[in-house]
Amino acid sequence: MASETKTDVRNVVIVGGGPAGYTAAIYAARAAASPLLIEGWEPGGQLMTTTEIENFPGFKDSIEGPALMAEMKAQAERVGTDFITDAVESVDLSSRPFRVKTGTAEVLAKTLIIATGAKAKWLGIESEQTFMGRGVSACATCDGFFYRDKVVAVVGGGDTACEEAIYLTNHATKVYLVHRRDELRASKIMADRLLKNPKIEPVWFSAVDEILGDNSGVTGVRLRNTKDGSTRELAIDGIFMAIGHQPMVEFLGGQLELTKTGNIKTAPDSTRTSVKGVFAAGDVQDSVYRQAITAAGTGCMAAIEATRLLEEDE
Ligand code: NDP
């Protein structure tokens, strides 16, 4: 952990220890901007709950999520990033340098890169935790491949749920779409595509009561009818939660403009936010792609834009 004092003014402060944050750090460090990365209490981000990653280029035999994050962090460290393992509690973006407060330190930042990511929303039932990573997932692109010729369920009725269900038909033989109403929230085009897909069976008016399984993982799900309270069981091999994501923006205290999905709004083809000198990268800014590789890509963009601004300042 780097020692910080109240008087430190850093060129680049990065908030968030996921693919976007670490990549921003690597690029900023290699541009001699001596970045400080505040990585939160659970560094690594969403990939820490992923098992094998087969779609991050450069690892032909796949890599475990935590191992990939450890490599990224080690690379950021080797090229000269300082780290604070603490959560940012608040920021003051009213003037530059910006003030960034953690529980134990306050740093001043000439430029700030927000890469705090998003949390997948979970149902919050115990069996979801029990089978996490053993049949319960919130990312079809990450884990769909493991359900070749199997039967899976997707929970939710928005664009994410439709996209995940359609994607899963590339692998699974059958996909149930479990939704608590009988009307999809998703855009018409996605809803039509979903309803036309012969491998997808919508299960309307249904909420997950319990995920069922044994030592080998998920074997089924008990559903509760949201109209009459009756229950039924479906035999499945995996279940994907697609009930929305929550971008991590609370600590910003409303100082940055957000999109209607609650993500940080950035300029087109840029990571610039509504405040000059503040950049946003990764899932906190992206509600569409939400992949480790795209997060890393926007992290790179943010570092380049931040270091260019520092050069302009000089
Ligand atoms: P949404 O908030 O749009 O949808 C969440 C869905 O999950 C809703 O159908 C909701 O049900 C259901 N849900 C929420 N909480 C629960 C719960 N506790 N139990 C059961 N069901 C629950 O989230 P998305 O992630 O789908 O989309 C977020 C945004 O990102 C949207 O604006 C979307 O359009 C956009 N997006 C765009 C894509 C694209 O353009 N390709 C792809 C993915 C997302 P109910 O409808 O009853 O409230």
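Each remark here, short or long, concerns the structure printed above.
Now for a description of the structure that goes with this document. Everything numeric here is computed off the predicted structure, so don't read it as measured data. (Residues numbered from 1 in each chain as written. Predicted model: local features only at pLDDT ≥ 70, side-chain atom pairs only at ≥ 80, totals over all residues. Heavy atoms only, no water.)

Re the sheet that holds strand S13 (residues 200-203)
Overall, parallel pairing links the five strands, which are arranged S10-S17-S11-S12-S13 in an open sheet. If you trace the sheet from one side to the other, it starts and ends with strand S10 (136-137) and S13, each paired once. Alignment of strand S11 (residues 151-155) against strand S17 (residues 238-241), held across four bridges, turns out to be parallel. Pairing of Val155 across the sheet is with Met241, part of S17. On top of the sheet, helix H5 (residues 159-168) reaches S11, strand S12 (174-178), S13 and S17; it is set at about 170° to S11, its chief contact. (Pairing = 2+ DSSP bridges. Helix = DSSP H or I, 4+ residues; strand = E, 2+ residues; numbered from the N terminus. Contact = heavy atoms within 4.5 Å. Axes fitted to C-alpha atoms, helices over the stretch in contact; angles between N-to-C directions.)

Structural notes on the state of the cysteines
One pass over the structure, following the stated rule, counts one disulfide. Covalent S-S linkage joins Cys139 and Cys142, the inter-sulfur distance amounting to 2.0 Å. Looking along the S-S bond of the Cys139-Cys142 disulfide, the torsion reads about 75°, which is the right-handed sense. Look at Cys142 and you get partly exposed, because its relative accessible area is 22%. No disulfide involves Cys162; its nearest neighbouring cysteine sulfur is the one of Cys139, lying 16 Å away. (Disulfide = S-S within 2.5 Å. Buried < 20%, exposed > 50% of the residue type's maximum accessible area, 1.4 Å probe, protein only.)

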